[in-house]
Amino acid sequence: MCLKSFVSDFNTLRSLAPEPLLTFLNYLTYGYMIDNVLLILVGILHGRDAQELIEKCHPLGMFDSIVTLPVATNMPDLYKLVLVDTPLASYFDDCMTINLDELNIELLRNTVYKVGTSNTKLLWFEVKEHFVKLRWVRPT
């Protein structure tokens, strides 16, 4: 119940937030989105039910195309069918050659978190960067 309330309040805040606060709040959800994608991939590889996996996903990491994720059988399909229209696309750009099997999921996780949008930034660094910008913006 507490998590549902938090997510509801967070989404309300996000819907009302001006820039650059909105960008910062969006970045906070990216880690959850990545973890949800990887959770579903691992579950599918172990033969778990897709609906059961989606129910276990963190609410802050939900996005519209996540329900189509179980259809993807390889990284190019995953990218084209699920990730291309999400903010996660740039994090998965360099992962196209990784096979979707049990051993490579951790490699995929590490690659996604280390690559970032410019191949030099980490996800948490981007969040921190936007937070610093947010702190120095003065209302007019």
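Heads up: the structure comes first, above all this text.
Notes on the structure follow.

Reading the values: the criteria
Residues numbered from 1 in each chain as written. Predicted model: local features only at pLDDT ≥ 70, side-chain atom pairs only at ≥ 80, totals over all residues. Heavy atoms only, no water. Helix = DSSP H or I, 4+ residues; strand = E, 2+ residues; numbered from the N terminus. Core = buried A, V, L, I, M, F, W, Y, C linked by side-chain atoms within 4.5 Å. Buried < 20%, exposed > 50% of the residue type's maximum accessible area, 1.4 Å probe, protein only. Contact = heavy atoms within 4.5 Å. Salt bridge = Lys/Arg side-chain N within 4 Å of Asp/Glu carboxyl O. Axes fitted to C-alpha atoms, helices over the stretch in contact; angles between N-to-C directions. Left-handed = near helix turned anticlockwise from the far one by under 90°. Nonpolar A, V, L, I, M, F, W, Y, C, P; charged D, E, K, R; others polar.

## Things to note about unusual backbone geometry
It is generally the case that most residues other than glycine have a negative phi and that most peptide bonds are trans.
And step 1. For the bond running from Glu 19 to Pro 20, omega is 0°, close enough to zero to count as cis.
And step 2. Residue placement: Pro 20 occurs in the loop between helix H1 (2–16) and helix H2 (21–45).

## Considering the nonpolar core
And step 1. Core analysis: the largest hydrophobic core is formed by 30 residues, its most contacted members being Leu 41, Leu 88, Phe 92 and Leu 108.
And step 2. Elements supplying a minimum of two residues to this core: H2, helix H3 (50–56), helix H4 (75–83), helix H5 (89–92) and helix H6 (104–115).
And step 3. Counting residues per element, this core draws most heavily on H2, at eight residues.
And step 4. With sequence-adjacent residues up to four places away left out, Leu 88 is seen in contact with Tyr 30, Met 33, Ile 34, Val 37, Phe 63 and Leu 83.
And step 5. Membership of the second largest hydrophobic core comes to six residues, among which are Phe 10, Ala 17, Phe 24 and Leu 60.

## As for the pattern of salt bridges
And step 1. Under the defined criterion, the tally for this structure stands at three salt bridges.
And step 2. A salt bridge links Arg 109 to Asp 35, with the shortest nitrogen-to-oxygen separation between them at 3.3 Å. A residue pair is termed long-range when its members are at least 10 positions apart, and Arg 109 in helix H6 and Asp 35 in helix H2 qualify at 74 residues.
And step 3. Arg 109 sits in the partly exposed class, given a relative accessible area of 22%.
And step 4. Given the relative accessible area of 33%, Asp 35 is considered partly exposed.
And step 5. Put simply, Glu 52 and Arg 48 hold a salt bridge, and the shortest N to O gap is 2.4 Å.

## Considerations on the side chain of Asn 36
And step 1. Within the secondary structure layout, Asn 36 lies in helix H2.
And step 2. For Asn 36, the contacting residues outside a window of four places in its chain are Cys 57, His 58, Gly 61, Met 62 and Ile 66.

## Re the environment of Ser 8
And step 1. With respect to the helices and strands, Ser 8 occurs in helix H1.
And step 2. Sequence-wise, Ser 8 and Leu 60 are 52 residues apart; in three dimensions their C-alpha atoms are separated by 9.5 Å.

## Some thoughts on the side chain of Thr 29
And step 1. Inspection of the secondary structure assignment puts Thr 29 in helix H2.
And step 2. Among the residues examined, Thr 29 registers a relative accessible area of 2% and is labelled buried.
And step 3. With sequence-adjacent residues up to four places away left out, Thr 29 is seen in contact with Phe 10, Arg 14, Leu 60 and Gly 61.

## Details of the packing of H1 against H2
And step 1. Packing of H1 against H2 leaves a shortest axis separation of 9 Å and a crossing angle of 145°. Every pair of crossing elements has a handedness; the one defined by H1 and H2 is left-handed. Taking contact as the criterion, the partners of Phe 10, Leu 13 and Arg 14 in H1 are, on H2, Leu 22, Leu 25, Asn 26, Leu 28 and Thr 29.
And step 2. Tallied by class, residues from the contact of H1 with H2 come to five nonpolar, two polar and one charged.

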